[in-house]
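Topology and contacts: notes
As a plain string of letters, each chain reads:
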Amino acid sequence: MSRKKTAKKFIFCSLMSLLVLPSFFLAAELKAVRVKQGPKVDGILSDPIWQSAVVFTTFRMAEPQPNQEPTEKTELRVLYDDSNLYIGVLCYDSEPARIAASSMAHDSGGEQHGWGFGHAPQVPSDDIIRVLLDPFLDKRTAYIFFVNPLGARGEGLTSGGEASLNWDGIWEAESRILKNGWSAELRIPFKTLSFKPGLTVWGINVERYIARKQETIRLSGTNRDSIFYNPMEASGLEGIEGVKQGMGITFRPYSLGSAHKNHLEPGGYDSKLDGGFDIYKNFTPNLVGAFSYSMDFAETEADERRINLTRFPLFFPEKRMFFLEGSETFNFSSSISFIPFVSRRIGLTGLYEGKQVPVIFGTKLYGKIGKTNLAILDAQTDEFEGVPGGNFLAARMTYDIFAESKVGWIFTNGSPKWILTNGTQKREKNTLAGLDFNYLTSKFKGDKNLELIAWMAYTWNEKQGRHYGYGFRANYPNDLWDIQTTYAYYGESLDPAMGYMMRRNMQTAFARIGYRPRPEKGLLGKLVRQFFFEASGDFYWDLAGRLETSRITASPLSLRTESGERIGLELVLNRDVLPYDFEVARGIILPAGPYDFTNSRLEFSTASHRPAVFDMNYNFGEFYSGHYDDMKIGLTLKYKGYANLSLDVNLVRGRLPQGRFSENVYQVKADIFLSPDLGLMNYIQYDDISRQLGWNSRLRWQISPGNVIYIVYNKSWERRWEPTSRLFPMEERGVLKISLSIRP
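Given the structure is predicted, the values throughout are model-derived calculations rather than measurements. (Residues numbered from 1 in each chain as written. Predicted model: local features only at pLDDT ≥ 70, side-chain atom pairs only at ≥ 80, totals over all residues. Heavy atoms only, no water.)

**Observations concerning the confidence of the model for the chain**
Considering every residue of the chain, the mean pLDDT works out to 90; 93% of them sit at 70 or more. Confidence drops under pLDDT 50 across residues 1-28; counting only partners more than four residues distant or on other chains, this segment forms 14 contacts. (pLDDT = per-residue confidence, 0-100. Contact = heavy atoms within 4.5 Å.)

**Points about the pairing of strand E40 (residues 659-675)**
Where strand E39 (residues 643-656) meets E40, 14 bridges bridge the pair, whose relative direction is antiparallel. Its bridge partner being in E40, glycine 654 is matched across the sheet by phenylalanine 661. Here E39 folds back onto E40, and the loop between the two strands holds two residues. In textbook terms, the turn of a hairpin is the stretch between consecutive antiparallel strands, and for E40 and strand E41 (residues 678-687) this stretch comprises two residues. (Pairing = 2+ DSSP bridges. Helix = DSSP H or I, 4+ residues; strand = E, 2+ residues; numbered from the N terminus.)

**Describing a nonpolar patch on the surface**
Taken together, the side chains of Phe251, Ile279, Phe291, Tyr293, Ile360, Ile711, Leu736, Ile738, Leu740 and Ile742 make up a nonpolar region of the molecular surface, amounting to roughly 780 Å² of accessible area. Contributions of two or more residues to the nonpolar patch are made by strand E16 (287-293) and strand E44 (725-739). Tracing the sequence through the fold places isoleucine 738 in strand E44. (Patch = residues over 30% accessible without salt bridge, like charges linked within 9 Å, V, L, I, M, F, W, Y side chains within 5 Å. Areas by Shrake-Rupley, 256 points an atom, 1.4 Å probe, with all protein chains shown as cover. Salt bridge = Lys/Arg side-chain N within 4 Å of Asp/Glu carboxyl O.)

**Topic: the pattern of salt bridges**
Inspection of the entire model under this criterion finds 54 salt bridges. Two residues, arginine 176 and glutamate 174, come together in a salt bridge whose shortest N-O distance is 3.9 Å. Owing to a relative accessible area of 35%, arginine 176 belongs among the partly exposed residues under this scheme. Residues arginine 546 and aspartate 542 are paired through a salt bridge, measuring 3.0 Å at the closest nitrogen-oxygen approach. Judged by its relative accessible area of 56%, arginine 546 is exposed. Each of Glu72, Asp93, Glu95, Arg98, Arg208, Arg212 and Lys213 takes part in a single network of salt bridges with overlapping partners. (Buried < 20%, exposed > 50% of the residue type's maximum accessible area, 1.4 Å probe, protein only.)

**Here we look at the pairing of strand E11 (residues 201-210)**
Summarising burial for E11: nine of the 10 residues are buried, a large majority. Sheet analysis places strand E5 (residues 128-134) next to E11, joined by seven bridges and oriented antiparallel. What sits directly across from leucine 133, in E11, is isoleucine 204. Two elements, E11 and strand E13 (residues 235-238), share four bridges in a ladder whose sense is antiparallel. Across the sheet, the residue bridging to valine 201 is glutamate 238, located in E13. Sheet topology note: the E11/strand E12 (residues 215-218) ladder contains four bridges and is antiparallel. Within E12, the residue paired with arginine 208 across the bridge is isoleucine 217.

**What about the sheet that holds strand E9 (residues 172-178)?**
Strands sit in the order E1-E3-E4-E10-E9 across an open sheet of five strands; the sheet is mixed. In this open sheet, the two edge strands, each paired with only one partner strand, are strand E1 (33-34) and E9. As paired strands, strand E4 (residues 84-92) and strand E10 (residues 181-189) are joined by nine bridges and run antiparallel to one another. Paired with cysteine 91 across the strands is tryptophan 182, a residue of E10.

**Considering the packing of aromatic side chains**
Overall, the coordinates contain 40 aromatic pairs when judged by the stated rule. Measuring from ring centre to ring centre gives 6.2 Å for phenylalanine 277 and phenylalanine 291, while their planes differ by 45°; the resulting arrangement is tilted. With phenylalanine 277 in strand E15 (residues 270-284) and phenylalanine 291 in strand E16, this pair connects stretches of sequence that are 14 residues apart. The interplanar angle of 85° and the centroid separation of 6.3 Å between the aromatic rings of phenylalanine 444 and tyrosine 476 together place this pair among those described as edge-to-face. Taken together, the positions of phenylalanine 444 in strand E24 (residues 431-444) and tyrosine 476 in strand E26 (residues 468-477) put the pair 32 residues apart, joining distant regions of the chain. With a relative accessible area of 29%, phenylalanine 444 lands in the partly exposed category. Its end group placed over the ring of phenylalanine 316, arginine 306 keeps NZ or CZ at 4.3 Å from the ring centre. Note that lysine 364 overlies the ring of phenylalanine 322, its terminal NZ or CZ placed 4.3 Å from the centroid. (Phe/Tyr/Trp six-rings, centres within 6.5 Å; stacked < 30°, edge-to-face > 60°. Lys NZ or Arg CZ within 6 Å of the ring centre and 35° of its normal.)

**Regarding the nonpolar core**
Across soluble globular proteins, nonpolar side chains show a tendency to be buried alongside one another. Within the largest apolar cluster, 38 residues are counted, with the highest numbers of intra-cluster contacts made by Leu76, Leu85, Phe145 and Leu186. Counting residues per element, the ones that place at least two in this core are strand E3 (74-80), E4, E5, strand E6 (141-147), E10 and E11. In this structure, Val288, Ala379, Leu494 and Met498 belong to the second largest nonpolar core, which totals 28 residues. (Core = buried A, V, L, I, M, F, W, Y, C linked by side-chain atoms within 4.5 Å.)

**What to know about the environment of proline 496**
Mapping proline 496 onto the fold places it in the loop between strand E27 (481-490) and strand E28 (500-501). In contact with proline 496, not counting residues within four places along its chain, are Phe338, Ile339, Pro340, Leu432, Thr459, Met501 and Arg504.

If you want it as structure tokens, here you go:
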């Protein structure tokens, strides 16, 4: 080969390396600068100490054009002192009047409003800055912090490329909208973070989202299949040295005064003064122990009311903070149809759905030791309405293998259910053990995501039959092709008493293939950001192999426009063999037997960054032996973050030979904020199934990070005809709660 050809090849390879590997070059330049005293956090970046920071500007676009130059400039600065890490971000914007800023709610994240939209990815409704920190540089778990232009904050943890907002850390952030864009300052105390002492390079990634353009800008991980929440994509942050975590103790006492009245019983208001505490201790930089005495969850938002036209139980998420913190480790590799441990089963479920059974104490240990991830939870409930208290134990351990994979086990003991034996009430015995293997890589064929999963579980209880279950999953979740396959077997006596199981005595298979092209030329390229074509099959057999349910779905048209609107059409072929007579609605009973029916779904939503957002989901067509219409409509009105009004209705009309039925749910959310630290949130719901109206009102005032005052008021009414329609009060409760965080 000639010298001329060799020189040309060298130049070409050098240029290509600069184009496709920008993150590796910029990672070495990202440096945290130590200062004696950090800047004043006011969101402006005007403190002179910021002049000491190294300014980083070489961000790249991840969406819509991967690895390209962003349309707007972004500057990143990182400082630290003995106690805190400071991150300053300046977001230039050529049209500052069009910056999307509509929420001051904590943990809002700017998520899409409404009832959900197929399998299309959700996008924030506000401009936002997200920061990912991996203080152990293990490329597996990380902290995330985010802030919008109004200073609304949120935080959470990531693991395996998935984010959870279950963790609430003590930190501070302020933002300002400027003449040339907006800026944000974050102060993260080292006491808030777990980190590896002596490690001078942390993992970091920073993402900026411009809502009106649907543009995502990142520090690293800028191809279409990269996931921001995957620490494998993070760059390196150099220079953090000589910092300490403190004593690793957080003491959270609370005091509470409440008044309660049951309008269905004679008498006045019952007043109560109460108190309790949580104490957290970091035994190692990444292993936390916690103990809670006299738990109270008065500040927790009420559950959403839903219409259920199936014969299977609905799943509701945990919202109580003590149980949420550290809960990510309990995630098992089975599907949503089978979850071995759900903390809502402690103090909320069983016989007393919707009521709080007193929890005397709870203790837990969670974190990481080397490559071992550990979570242990033990809680004791008190006697309630004649039913004795119970003890609930859950333990989970996983071990990191390969670059991103893990193997683990789970164990639970206890049950919220009780049985009557010889006239005596006692708790049902139930123990579960399970094993799982999760192979995950974000480097399949270079830069693709692949997940392979296997699991098995066994329960010990007093039921007869097969007590075991197992399953397999293979997922290929990428931007152009999104493929998922699942198989699971559930024995007739498999019963996760401390978990959730949708269908018992069943084996199931599911397959879905999604093709999601992005047109780049012509009229379609100007109007459509991405198409979502999809086909799936969901099948359930009994353990003898007889088909009980099948659902074949096709999405011939589903898209997201360049302006952010979403449109979708879905066709569904159903077969359901009812094993018993099924009461689908009050007084409407479907006879046992096979039913074949076809229905359709239309979906539409306007861009979530607009001041008024409308979304609609309409299911219609055949339904068992007749027809039905299921309409969900949502409207959100937003005023500069100070006020948000959301109206949602779900209207169901059924027309069957067995009779007609009508079921409706109405929901109103009215939130008023004076600042991200002071807000009044109201949630009003009515459904004509229970005929109950509920009002949940919560005032949250964060005096300083970690120190919060709550004023909560709940009231419910029942609709009766005596002789005309009227609302009669049922129950009401008012609470004043003061919660503090003390960290020596």
